[in-house]
Amino acid sequence: MTCPGKTVFIGFGSTALKDDGLPAHLIGHLATDPRFNHVTFLTSPVGGLELIPLFSGHSCAVLLDTVKTGKAAPGEVSHVIYPDFNETLHLSSQHDASFEQTLALGKKLGIPLPEKIHILAVEIVDNLTLGEGMSPAITERFDAILSLVGDVLQAVGGRR
Amino acid sequence: MKQYTIDPITRLEGHGKIDIFCTDDGNVENVYFQVPELRGFEKFCEGRPIEEISQIVTKICGVCPGCHHMAAGKAADAVFGVQPTSAAKKIRELFYMAHFVHSHIAHFYALAAPDFVVGPDAPKAERNIVGLIAKVGVATGTEVISQRRKAQEIQALLGGHQTHVILNIPGGVRKGLKEEERKDVVEKAKGFVEFARFSLKLFNDVVLSNKEYLDLVLNGPYSLKIHSMGLVDEKNHVNFYDGKVRVVDTEGKELCKYSANEYREFVAERVEPWSYLKFPYLKKIGWNGFTEGQTSGVYQATPLSRLNAADGMATPLAQEEYERMYSTLGGKPVHATLVMHWARLVELLYASEHCLELALDPEITSPDLRARIDKVPTEGVGIVEAQRGTLTHHYWTDEKGIVTKANLIVGTTNNNAAICMSLKKAAQGIIKQGVTVTDGILNMVEMAFRAYDPCFSCATHHLPGTMPLVVNFRDKDGNIIRSLSR
């Protein structure tokens, strides 16, 4: 399961939209964790064509996004490996290309893309209210979410 | 009366809905484009220090953050009554030209070109950037990704992050350009110029040389005769960053020309009960409904309107293309909505050339990056051209510079009425009695507002034919008799 080469970890969302900023807040902690010195951490508000250069040079990608399904407990982390998921909010850019079309384009152009793309989706409560803080439910569970995401990252993107 | 509902048409930066009301015989009677979501960013700005606002507003949207950053930065200058140094202004413009290059490339190749290169009624699985590359070749696709990325790199170099930019401070910029960085930008900008010229040739070869497409562009249900708005410099040339807002009427004559701080004398905003998005109109004419012609108060602020409102382009190659465009189309102004795509490419060439000009300017590496501030903050307006239209930021502060009130007229808001009218004309021209509403038909309706590159939601110009649509066909009693979705 461990990635054979360089790993990029990308967090999606906006820190001005309450829980939408969770990935950026998590990255703030993960990037200083000595276990992940070899991982490239990036933030992006949206994916689409922008993902191609972000992926470039990495054999493994871990993408962290938020979801609001209402069917899971706040803070619950889902882990899927591409292509076992449906279309997403941030991994596509409706100003240019969807996630799948971006990958198809990269392959068509002969651009080396990560062999494995792991997507972590954290169930959140509020991504529509403007505000820099997070909802009480997510704030309360932040440390647990950080621990879960860190464990997954170590498992999939850790050193061989 | 039948009613067709297209909902949602947006998913990311907002939410929209289209209701198409038809007569019993199947013809379109009226169209309502609604934005039923309120985001309230202006309220969010209250209580914040004005010098932070240009950073906060980049989070309004991940698509045109640089535009909000620039408008807010200029407004902050005005709040403090300070002008940025000459070098700082050039740094800002350099960033901004790169922002235009990356955005215009993405729109043309990912959103506009598939309609023409692959075909408006091609299978939706092919009518996208992947299908486009299959037609025009891998080398072109590689260049799209490469040039777009280089433009992003310039933004990240100057702005600290390509999206969440932290370049502007009142009276200047945080970071200058080193000589080695300047040389790199020069090489990148040379590439932009060549790629913009290539893109214009592609448009010429694929669209203008195709009689069917040219007919669709010029004579299809996509024209709208309204007034044109755009920022111009002292020579009335197109300018994205600075100058005065000029409006020309439907015949091309100047209606008004105003500075940023005068905008409220010239533009008013109408509220309709069925939409959270306001409808700006020309105050001196007044609101005369969703009407076309000289007596209409409706205007557009788009790449095409910018060219209509100007007397020319400020760079030589873009000027040549500007002249070629109007010569080909029989003069100014042009009211064919789909010509926005051509105008956008002329703007791409201008942004590329100006990017190169700025990178070659010796002053661009000057360390004189911030003017001294010695005035008590009060109130300020900043106006720039966003890719999607004239963008106005207006802030009021207390004596400590804390924002007490804000007003934003974003690019797409200017075009709200125009988009509604374009949709109605397209729907009336395309959906008629006896016409089977297919995916291709829906795509041709989408083409009417995709041209505006609207930004209340990215999904309104999602990949051609893949925008999430639900169309309900209702009988005269409102009962759904058939549904189409994708």
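Residues numbered from 1 in each chain as written. Chains lettered and ligands numbered in written order. Predicted model: local features only at pLDDT ≥ 70, side-chain atom pairs only at ≥ 80, totals over all residues. Heavy atoms only, no water.

1. Some thoughts on the packing of aromatic side chains
Residues and elements named next belong to chain B.
Line of reasoning, step 1. Per the counting criterion, the structure on display carries 16 aromatic pairs over all chains.
Line of reasoning, step 2. Here phenylalanine 116 and tyrosine 213 contribute two aromatic rings whose centre-to-centre distance is 5.6 Å and whose plane-to-plane angle is 75°, an arrangement assigned as edge-to-face. A residue pair is termed long-range when its members are at least 10 positions apart, and phenylalanine 116 in helix α4 (residues 86-118) and tyrosine 213 in helix α8 (residues 211-219) qualify at 97 residues. Here phenylalanine 116 and tyrosine 213 have matching classes, each one buried.
Line of reasoning, step 3. Ring geometry for tyrosine 322 versus tyrosine 326: centroids 5.0 Å apart, planes at 70°, classification edge-to-face. (Phe/Tyr/Trp six-rings, centres within 6.5 Å; stacked < 30°, edge-to-face > 60°. Helix = DSSP H or I, 4+ residues; strand = E, 2+ residues; numbered from the N terminus. Buried < 20%, exposed > 50% of the residue type's maximum accessible area, 1.4 Å probe, protein only.)

2. Details of the sheet that holds strand β13 (residues 389-397) of chain B
Residues and elements named next belong to chain B.
Line of reasoning, step 1. Reading across the sheet, the three strands line up as β12-β13-β14 and stay open at both edges, with antiparallel pairing between neighbours. Taken across any chain shown, the strands that pair with only one partner, and hence form the sheet edges, are β12 (379-386) and β14 (403-409). For this sheet, the mean angle separating the axes of adjacent strands, direction not counted, is 15°.
Line of reasoning, step 2. Direction of pairing for β13 relative to β14: antiparallel, over a ladder of six bridges. In the strand pairing of β14, threonine 397 is matched with valine 403.
Line of reasoning, step 3. Helix α3 (residues 65-79) contacts β12 and β13 of the sheet and is inclined by roughly 150° relative to β12. (Pairing = 2+ DSSP bridges. Axes fitted to C-alpha atoms, helices over the stretch in contact; angles between N-to-C directions. Contact = heavy atoms within 4.5 Å.)

3. As for the pairing of β13(B)
Residue and element names in this part refer to chain B.
Line of reasoning, step 1. The element β13 is extensively covered by neighbouring structure, given that nine of its nine residues are classed as buried.
Line of reasoning, step 2. As paired strands, β12 and β13 are joined by eight bridges and run antiparallel to one another. Across the sheet, the residue bridging to glutamate 385 is threonine 390, located in β13.
Line of reasoning, step 3. If you look at the hairpin formed by β12 and β13, you'll find two residues sitting between the two strands.
Line of reasoning, step 4. In textbook terms, the turn of a hairpin is the stretch between consecutive antiparallel strands, and for β13 and β14 this stretch comprises five residues, one of which, glycine 401, has a positive phi near 85°.

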